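So the chains spell out like this:
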Amino acid sequence: GVDIVAGLSTDRFALSAPDRDHRQKVLEAARQLDMQVVPEGGATFMHNLTMIADGHTTIEHNLPVESIYDDVLQFWAKSDTAITPTLVVSYGGLSGELYWYEKMDVWRHRRLRTFVPRYVLDPRARRRQKAPEGDYNHIRVSEGLKKLVDRGHWVNTGAHGQLDGLAEHWEMWMFEQGGMTPLEVLRSATLNPARTLGMDRDLGSLEPGKLADLVVLDQNPLENIRNTDSVRLVMQNGRLYDATTLDQVGNHPDQVGSQAFGEGAQSLGIGRWWGGHTHQGAHGRCGCGAGHN
């Protein structure tokens, strides 16, 4: 059966209809069926507040205002509605994704270059806009999220699919920019989302009996939240993968390398074709696509 009803933005689908009575009918039906309702944020302040008042499971995207004050904090903290702010596409000003393109040489990121084609990565990352630090609205939004956390409310990370892999790390780093401690940030990326969606019996923390989904880092994110990007191993459903190649290791090792990204004899060498390791492709040809030897 279905456990969650998800609605897209108000100008696209009737499931998140702009008129409140329609949304309330969906919520009432969901309560009777013991289902959750996760709406796309409408990018309108009062619209979002009615979603909180009516008892949606979450608000997806931030409130589209620069700052939230005590009246909203008191109102929201008394509800059970969590928030997934997606600061990479923060409403109300310049988004966080643009901040990291400005501050980082994203196209040089070795892990990203291994798994994302250069023709996808380069146009977004190499030529970027610049803006004064104070123009990036996501920092003020993050400061408001910290106030919610201080009141015991659940805030969750969500990368919005903006940039494969790396955007989730950006989301965590931006939470810290607003004042969250590294531990609060890590909870927002793990246990809080699991609790929000009622999955914390299986996910969200390392405990006996839970699903074996985890990452192994080379450096401690409690010392520096940027260390979340030091992933060495990924375990999914009890199977362990080398994060640099996606080869299985541990109890179920790949014998000849993964079919896509590994270095083994059967590897397709996709990472090298995409410019991940060297200019030379997997078959001794230039990786630019022009067919040069």
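K.L.:
Explain the sheet that holds strand β7 (residues 239-242) here, please?
P.N.:
Strand pairing in a sheet is mediated by backbone hydrogen bonds. Such pairs are either parallel or antiparallel. A sheet is described by the order of its strands in space; here 4 strands give the open sequence β5-β6-β7-β8, paired in antiparallel fashion. Strands with a single pairing partner mark the edges of an open sheet, and in this sheet they are β5 (214-217) and β8 (248-249). Alignment of β5 against strand β6 (residues 231-236), held across 4 bridges, turns out to be antiparallel. Across the sheet, L214 pairs through a bridge with M235, a residue of β6.

K.L.:
Looking at this model, I keep getting lost on the nonpolar core. Mind explaining?
P.N.:
Buried together is how nonpolar side chains tend to be arranged in soluble globular proteins. Counting residues in hydrophobic clusters, the biggest one holds 41 residues, and the most contacted among them are W76, V106, L121, V155, L163 and W170. Looking at this core element by element, the count peaks at 7 residues for helix α8 (residues 166-177). Those residues in contact with L121 that lie beyond four places of it in its chain are V106, W107, L112, R113, V116 and L163.

K.L.:
It is not clear to me how the pairing of β7 should be interpreted in this structure. Could you clarify?
P.N.:
Looking down a regular strand, the side chains alternate between one sheet face and the other. With 4 bridges joining them, β6 and β7 adopt antiparallel strand pairing. What sits directly across from V234, in β7, is Y241. Where β6 hands over to β7, the hairpin turn is made up of 2 residues, of which N237 adopts a positive phi near 55 degrees. As defined by bridge partners, β7 adjoins β8 across 2 bridges and the pair is classed as antiparallel. Within β8, the residue paired with L240 across the bridge is V249. Where β7 hands over to β8, the hairpin turn is made up of 5 residues, of which L246 adopts a positive phi near 70 degrees.

K.L.:
Explain the side chain of S90 to me, please; I cannot follow it from the model alone.
P.N.:
With respect to the secondary-structure elements, S90 resides in the loop between β4 (82-84) and α4 (96-103). In this structure, S90 is in contact with N62, S95, N137, H138 and V141, ignoring residues within four places of it in sequence.

K.L.:
Sorry if this is basic, but what is going on with the packing of aromatic side chains here?
P.N.:
The relation between two aromatic rings is expressed through the spacing of the ring centres and the mutual angle of the planes. The tally for this structure, following the rule as stated, stands at 5 aromatic pairs. Between the aromatic rings of W100 and W173, the centroid separation amounts to 5.3 Å while the plane-to-plane angle is 70 degrees, which identifies the pairing as edge-to-face. Within this pair, whereas W100 is found in helix α4, its partner W173 is found in helix α8, the two being separated by 73 residues in sequence. With a centroid separation of 5.6 Å and an interplanar angle of 85 degrees, the aromatic rings of Y101 and W170 are classed as edge-to-face. Placement of Y101 in helix α4 and of W170 in helix α8 is noted, with a sequence separation of 69 residues between them. Judged by its relative accessible area of 4%, Y101 is buried. Each member of the aromatic cluster is reached from another via a ring pair, and the members are Y99, W100, Y101, Y136, W170 and W173.

K.L.:
I keep staring at the confidence of the model for the protein chain and nothing clicks. Help me out?
P.N.:
Do not read the predicted coordinates in detail wherever pLDDT is low. On average, residues of the protein chain carry a pLDDT of 83, and 80% of them reach 70 or more. Below a pLDDT of 50 lies the segment residues 8-15, which in the model reaches 12 contacts outside its immediate sequence neighbourhood of four places, other chains included.

K.L.:
Any chance you could explain unusual backbone geometry here in plain terms?
P.N.:
Glycine aside, a negative phi is what most residues show, and trans is what most peptide bonds show. A positive phi is found at H61, a non-glycine position, where the angle reads about 85 degrees. Following the sequence through the fold, H61 ends up in the loop between β3 (58-60) and α3 (70-77). Overall, H61 belongs to the buried group, its relative accessible area being 2%. Its identity is not glycine, yet T86 carries a phi of approximately 45 degrees, on the positive side.

K.L.:
Can you walk me through the pattern of salt bridges in this structure?
P.N.:
Oppositely charged side chains may form a pair once their charged atoms are brought near each other. Following the criterion strictly, the structure yields 14 salt bridges and no others. A salt bridge links D122 to R118, with the nearest nitrogen and oxygen atoms 3.1 Å apart. You can see D122 and its partner R118 sitting in helix α6 (residues 118-125), 4 residues apart, about one turn around the helix. D122 gets classed as buried once you look at its relative accessible area, which sits at 18%.

How each quantity is defined
- Residues numbered from 1 in each chain as written.
- Predicted model: local features only at pLDDT ≥ 70, side-chain atom pairs only at ≥ 80, totals over all residues.
- Heavy atoms only, no water.
- Pairing = 2+ DSSP bridges.
- Helix = DSSP H or I, 4+ residues; strand = E, 2+ residues; numbered from the N terminus.
- Core = buried A, V, L, I, M, F, W, Y, C linked by side-chain atoms within 4.5 Å.
- Buried < 20%, exposed > 50% of the residue type's maximum accessible area, 1.4 Å probe, protein only.
- Contact = heavy atoms within 4.5 Å.
- Phe/Tyr/Trp six-rings, centres within 6.5 Å; stacked < 30°, edge-to-face > 60°.
- pLDDT = per-residue confidence, 0-100.
- Salt bridge = Lys/Arg side-chain N within 4 Å of Asp/Glu carboxyl O.

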